Structures are given as structure tokens and as C-alpha cells.
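# Tertiary structure, described
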Amino acid sequence: MSEKNLLKGNIAIAKAALNCGCSCYFGYPITPQTDIGEYLSLEMQKRNLAYVCAESEIGAINMALGAASSGEKVMTSSSSCAVALMQETLSYASSDELPVVLVNVMRAGPGQGYIFPSQGDYNQATIGGGNGDYKIIVLSPSSVQECIDLTYKSFYLAQKYRNPTILLVDGLLGQMAEPAIINENPYPDVDNSSWRLDGAKNRASRNIHSLEPNQTKLNQHVVKLYQKYQEIEKNEQVWEEYLCDDAEIILTAFGTMARSVKAVCNHFRQLGIKMGVFRPISLYPFPYNRLRELSIKAKCFIDIEMNMGQMLKDVRLGVLSNAHISFIGKPVGDWLKKEEIINAINNIIKEQYASI
Amino acid sequence: MQVYSIPKSIKKDSKFTFCKGCDHGVAIKLIAEIIDELNLKDDTIAVSSSGCSVLLYNFLDVDCLEAPHGRACAVATGIKRAHKARKDDKFVFTYQGDGDFASIGLGESMHSALRGENITAICINNTNYGMTGGQMGPTSTMGQYTTTSPLGRNKEYHGFPIKTAEQIALCDGTQFSARVALYDIKNILRAKKIIKKAFECQKNNKGFSFVEILSSCPTNWKLSPQDSHTKIKDELTKIYPLDIFKDTTND
């Protein structure tokens, strides 16, 4: 299927999962991601693959944990408050080094909130709510095409590093249709024969567990995990930059927000202002390296998010110069419009350049 | 003439680390013997849980995944389904305590039974949370003294215990549900026969099978191993009768 089709983000993710060999899906309904599970229910049953309408998100993520131990490609999907329920098992999957792929199509607000657009789960995904020292790979698409590409990449990185991976999708993008191509999965399959649990035939039995009553061994285990995270940080920082090379003002945004931010950038470029856009695609590992380089030249960073400033702390950590850092955002509802962002930036420029 | 040998499916040189008089050791040995007899060692994936039962993988020489507390049946569902998807069916069983199976994990346990997952769940019922030092659990009996029911379990204050094997038998997806005890040779032999039947239920693709094992906890009951077994025989089997509550394996 190499032609462009009008595709919804959620359906694109489901199709891409099937296309790259996902054989196990476990899920529980929650808006705005339910159509991923609805789509896969028929497609997976037709192919005799594993699909369970789980009793809860806790059930779903634990089925995914079990299935991942077989070495199969495994996915669950959910939203915000229900992803909160999965945090315990994400911690287990990190310690067990099991490649679970979790798609979070975000809702808005703390608690049950509502299904309005928002990007309020940046912290939940990148910092996590589980216990102990662990990290989860987090990828953030900004178009339906990228939903497909990053679904492939999520499965690949999960298998490559034996680490849980979250595809963090704006609710807006999950529910939005635009032309996209279900291209071929560009990534190779990863050999998991050295660790998967498939019966101790002609080999010693294996066990995968996070309990470790020996403190030296537990220390070693966590240190080993962090060596892996260093590898991930070295190899997997991914971002998109737009007109950043000569930029004095750099706008930072992730996910769908970056699309309107680019239009804002074009507006200011036409006025002769040297502006660029920096969009992290891997939220963990955050692309600190490139942001550090850019911060040598740029005088001002403006972080724009549909939340109260969650990625802002990573921007602050990345900017090593004395460049000024501002924030524009709102937590819930209609996406910030181009004009609103332009007005807010004008105010920041007035204040900043008046003081320079 | 050799009259006894350690089952092949017990890890070489392993020494049980359970308390003196605890029945976990007997239960694991029976499971190992059955795995040997049914020739399942190469095809088994066990799921251990939280609490004393987590230690299963230290003794049993099969592939094993540890589940988060209470989630063993969900984890086992995932394992079973994943291997089925790759057309390489495996024998999958959980080994859980009563707190794990019937309190924190009751949702996952019962829904696995309702779905008729073709897995086997073994639940060690010692009427308290053993590893944390003997707190009141879902199966603590009326009047039982524990560290969190210091005046005895009271129906007005604490509510009632669960009869797990009877409840699981009520699920349409359950094909086999039974309760056994290990307080004497006769019961150990009966337990082995029944656990074997539960394993065969899965082997024959019948659906969910469940065995609750009444087990001693001398440390937390503050009784000798012998008195613990007397308590199971004289008191617990009156409350938790030893029986097969559902068996459709011959249907």
C-alpha cells in the first residue's frame, strides 16, 4: 500500500502496528484512543493473532508484559488517566527489560479531565509515575505520516534496547485525518533468542524478575540499566529543526503544536526577524545535544506547549548560554492559534529587546 | 533400590528457604513431580507473584516470569496468547498466594477464569499475608488473630473472608476448580492427583483450571509445624472444605 490515503492518526497507528508484525494487542476502551483497539479487534482476529479486551488497563499492560516475554511484538494503547494506572507495570517492564509498546493518545487535565486537546502527559511519559530508577523511550509525532513512521520506530527501539517505549500522541492528532502512506517498515527484526521465555528446551531455564534481595546485585542491575540509558541517549536523540542555523529567536514545541509554530515562524521571517523552530521528536532521550549547540548563537528561546510548561524544564536544561527563555502555553482546549502565539511573542520581544 | 529422588524439574542443589513447617516446599515439589510426569518441563512457562510464592523461580527449573502483585493471571494470559499467536503453544501456570490471587488480584484472576483462559492457577491459601509478617488477608477466618486484626477478625468490623475455589467455580470459563490440603500423606497424594488433573485440563485445551491449596504458616500462626497441620485439619477444612467444586474435564 504505497499510495496516499486519507487516514486518521489512530487508525494509522493501528495499521502500522499490524504492518510491522505486532502480533499481540491488549486494551481497554478510553476516549480518544478507542478506535485503535476497535480497528485491531477485527484485523487481529482475522489473522489469528492475540487480542484481548482486557478487564482494565492494569490487566491490559500486564498481559502486554507477559506477552513481551515471548519475544513477540506487543502493543497496548490508552489515554492519560488510564495510562496512570499502568505506571507500576511500566516500572516492572523497565526492570525486566521487556519491550512493551504503549500508545498514549492524550486527554486533558488532571484526574478524569476531559477529552479536549492537550499535551499534559509530557511529564507522565518522560519522567514517569512508577517507582525506582528507570527510563522509558518516548517518541512524539506531529503528523499522521509520522504516527506511522514512529510506530515502526517504537517497536524497533523497544526490541533493540529491550525497553518499554511510549508513543505520545496529541488527542488532536489521533482524531485528525490527513493524507499519509502506509510505507514499508524500514527497521530490521531484532534477534531475541538469547533472552525470550519459550520453554527451557535444550538450554538452561531462564527467569525474568525484578525482585532482588541481594543489595550488591540490585545495585549492579540498576547501574547496568543506566549504562543502557546512556547508549540510548547517545544514539537516539531525534529532532526536527526549521530555519535554526542563523536564528536569534528559537521557538520550541513538540507534537502537533509544532505545526502552528512553524507558521508563526514564517510570519516573523517575513518581517525580517531571524527566527527558527526546534521540535524534539524523541522526548526521551531529549535532544539536549543539539539544543546546547543552538543556544550558543540564539539569544532567546520561546517554548510553546498545550500545557503549563512541562517540556520547558528540558529546554532550560538544554540551553547552556545566558539566552532568555520564555513560555507560551495553555493547558486545555482549542489549540493555540497562530495569531495568539504571534501576539504573545510580540510582547516577549518588546520586553526582551527593550531590556537589551 | 532407589525409593526416592528429587524431581528433575527442581533446580539442582536448591534448598528451600521457606520457614520450618511451611507447606510451600511440598506444593512446589508436587508441581515439579507433575511437570516431570506430564513431560512438560521444556514447554512450561511459570508465572510467580509477590509474597512468599515469588520464590518459585529459585526452585523450579523451568522458564519463569515474575508478575507484579496480583497480576499473575493477566501476565499468564499474555504469555499464553502470545505463544498461541506464534503457533507454538506452551504450558502456562501461575503460582500465587491468597492475598495475591484473591485480594489485590481478584479482578485479574476472576476475569481470566471468566474468559476461560487456557491456563492453570495455583493459589496457596495460608489465611494471612505471610511474607510481610502475618496481616489479615482476604481468607483470614472469623475470629482469627493477625497483626492487623489484633482482637480477632470480626464480621461487623472487618467483614467476611472469601471462599476462593467456590467463587472461581461459578465462572462459566472455569473448567476445573478444587481445594486441597497438605496436612498428611493421604491429602498430599490427593493434592497431587488433583493438581495433575488441573494441569491436564490445560494440556487438553479445556480452559481455566484452578487449585486452592490450604497451607500452613507456622511462623505467623505462632504454632509448631505439627499444630499448624492439626489446625488445618480440625479448623480450616470445616470453613474451607476440601472438594472439587467444578470439573467438566470429562464432558
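Criteria and cut-off values
Residues numbered from 1 in each chain as written. Chains lettered and ligands numbered in written order. Predicted model: local features only at pLDDT ≥ 70, side-chain atom pairs only at ≥ 80, totals over all residues. Helix = DSSP H or I, 4+ residues; strand = E, 2+ residues; numbered from the N terminus. Rg over C-alpha atoms; globule rule 2.2 N^0.38 Å. Buried ≥ 20, exposed ≤ 12 C-beta atoms within 10 Å, placed from the backbone. Contact = placed C-beta atoms within 7 Å. Pairing = 2+ DSSP bridges. Nonpolar A, V, L, I, M, F, W, Y, C, P; charged D, E, K, R; others polar. Axes fitted to C-alpha atoms, helices over the stretch in contact; angles between N-to-C directions. Domains from an automatic or database assignment. pLDDT = per-residue confidence, 0-100. Parallel < 35°, antiparallel > 145°, perpendicular 65-115°, else oblique. Left-handed = near helix turned anticlockwise from the far one by under 90°. Arc of directions from axis to C-beta. Expected span 1.5 Å × (residues − 1).

## Concerning the overall build of chain B
Summing up its helical and strand segments, chain B has 9 helices and 7 strands in all. The C-alpha atoms of chain B give a radius of gyration of 17 Å, which matches the 18 Å a tight globule of 251 residues would have. For chain B, the C-alpha atoms occupy an extent of roughly 55 × 45 × 35 Å along the three principal directions. Classification of the 251 residues of chain B by burial places 57% in the buried group. Of the contacts made within chain B by residues no fewer than 6 positions apart, 67% connect residues no fewer than 24 positions apart.

## Focus on the overall build of chain A
Scanning chain A for helices and strands turns up 13 helices and 15 strands. The C-alpha atoms of chain A give a radius of gyration of 21 Å, which matches the 21 Å a tight globule of 356 residues would have. In terms of overall dimensions, chain A has C-alpha extents of about 75 × 50 × 40 Å along its principal axes. In chain A, buried positions account for 53% of the 356 residues.

## A few points about the pairing of strand E2 (residues 63-66) of chain B
All names here are of chain B. Residues Asp63 and Leu65 line one face of E2 and the alternating positions Cys64 and Glu66 line the opposite face, and both faces are buried. The pairing of strand E1 (residues 44-48) with E2 spans 4 bridges and is classified as parallel. Opposite serine 48, over in E2, you have glutamate 66 as the bridge partner.

## Points about the interface of chain B and chain A
Opposite the 33 residues of chain B that make contact, chain A presents 35 residues. Contributing elements (two or more residues each) for the side of chain B that touches chain A: E1, E2, helix H3 (72-85) and helix H5 (106-115) of chain B. Ranked by the residues each element gives to the side of chain B that touches chain A, the list is headed by H3 of chain B, at 11 residues. A breakdown of the residues in the side of chain B that touches chain A according to their chemical character gives 14 nonpolar, 6 polar and 13 charged. Here 2 bridges tie strand E9 (residues 207-208) of chain A to E2 of chain B, and the two strands are oriented parallel to one another.

## As for the sheet that holds strand E14 (residues 300-305) of chain A
Residue and element names in this part refer to chain A. Pairing in this open sheet of 5 strands is mixed, and the strands run E10-E12-E11-E14-E15 from one edge to the other. The open sheet terminates on both sides in strands that have one partner only, identified here as strand E10 (239-242) and strand E15 (324-329). Averaged over all pairs of adjacent strands, the angle between their axes in this sheet comes to 20°, without regard to strand direction. Sheet topology note: the E10/strand E12 (residues 275-280) ladder contains 4 bridges and is antiparallel. Counterpart to tryptophan 239 in the pairing with E12 is proline 280.

## Describing the domain arrangement of chain A
Residues and elements named next belong to chain A. Split by domain assignment, chain A resolves into domain 1 (5-192 + 209-235) and domain 2 (240-355). Counting residues at the interface gives 25 residues for domain 1, matched by 21 residues for domain 2. Going through the elements one at a time, helix H6 (122-126), strand E6 (137-139), helix H8 (171-174) and helix H9 (215-235) are the ones with two or more residues in the side of domain 1 that touches domain 2. The element that contributes the greatest number of residues to the side of domain 1 that touches domain 2 is H6, accounting for 4 residues. By residue class, the composition of the side of domain 1 that touches domain 2 is 14 nonpolar, 8 polar and 3 charged.

## Topic: the confidence of the model for chain B
For chain B, the average pLDDT comes to 97, and 100% of its residues sit at 70 or higher. Interface scoring of the predicted complex returns ipTM 0.97; its pTM is 0.97.

## As for the packing of helix H1 (residues 24-37) of chain B against helix H7 (residues 185-203) of chain B
Packed helices, taken two at a time, are described by the angle their axes make and the gap between the axes. All names here are of chain B. Contact geometry of H1 with H7 gives a least axis separation of 10 Å together with a crossing angle of 50°. Relative to H7, H1 is oriented oblique. Both H1 and H7 take part in a crossing whose hand is right-handed. Touching Val26, Leu30, Ile31, Glu33 and Ile34 of H1 are Ile188, Ala191, Lys192, Ile195, Lys196 and Phe199, all from H7. Looking at the contact of H1 with H7 residue by residue, the classes come out as 8 nonpolar, no polar and 3 charged.

## Focus: the packing of helix H3 (residues 57-68) of chain A against helix H5 (residues 87-96) of chain A
Residue and element names in this part refer to chain A. Packing of H3 against H5 brings their axes to within 9 Å, and their N-to-C directions diverge by 15°. Classified by the interaxial angle, the pair formed by H3 and H5 is roughly parallel. Judged by the twist between their axes, the crossing of H3 over H5 is left-handed. Along its contact with H3, which presents Ile61, Asn62 and Leu65, the element H5 presents Thr89, Tyr92 and Ala93.

## So, the sheet that holds E9 of chain A
A sheet is described by the order of its strands in space; here 8 strands give the open sequence E9(A)-E2(B)-E1(B)-E3(B)-E4(B)-E6(B)-E5(B)-E7(B), paired in mixed fashion. What marks the edges here is a single partner per strand, and that holds for E9 of chain A together with strand E7 (244-247) of chain B.

## Structural notes on the environment of leucine 173 of chain A
All names here are of chain A. Residue placement: leucine 173 occurs in helix H8. Placed 30 residues apart in sequence, leucine 173 and serine 143 show a C-alpha to C-alpha distance of 6.8 Å. When sequence neighbours within four positions are dropped, the list of residues in contact with leucine 173 reads Gly9, Pro141, Cys147, Gly255 and Thr256.

## Structural notes on helix H11 (residues 288-297) of chain A
All names here are of chain A. Of all the residues in H11, the buried ones are Leu291, Leu294 and Ser295. An end-on view of H11 places all buried positions within 105° of arc, on one side of the element. Of the surrounding elements, those touching the buried residues of H11 are strand E11 (249-252), E12 and helix H12 (312-318).

## Looking at helix H10 (residues 257-270) of chain A
All names here are of chain A. With 14 residues, H10 should cover 20 Å at 1.5 Å per step; its first-to-last C-alpha distance of 21 Å lies within 8% of that length. For H10, the full list of buried residues reads Met257, Ala258, Val261, Val264 and Cys265. Around the axis of H10, the buried residues are gathered within 110° of arc, so they sit on the same side.

## A closer look at the environment of asparagine 204 of chain B
Within the secondary structure, asparagine 204 of chain B sits in the loop between H7 and strand E6 (208-214). Distance in space between the C-alpha atoms of asparagine 204 of chain B and lysine 163 of chain B is 27 Å, their sequence separation being 41 residues.

## Quick look at unusual backbone geometry
The bulk of non-glycine residues show a negative phi, and the bulk of peptide bonds are trans. All names here are of chain A. For the peptide bond that leads from threonine 31 to proline 32, omega is 10°, which places it in the cis range. Locating proline 32 in the fold gives a position in the loop between strand E2 (22-27) and helix H2 (34-46). In this model, tyrosine 284 is joined to proline 285 through a cis peptide bond whose omega is 0°. You can see proline 285 is positioned in the loop between strand E13 (282-284) and H11. Its identity as a non-glycine residue notwithstanding, glutamate 97 has a phi of 55°, on the positive side.

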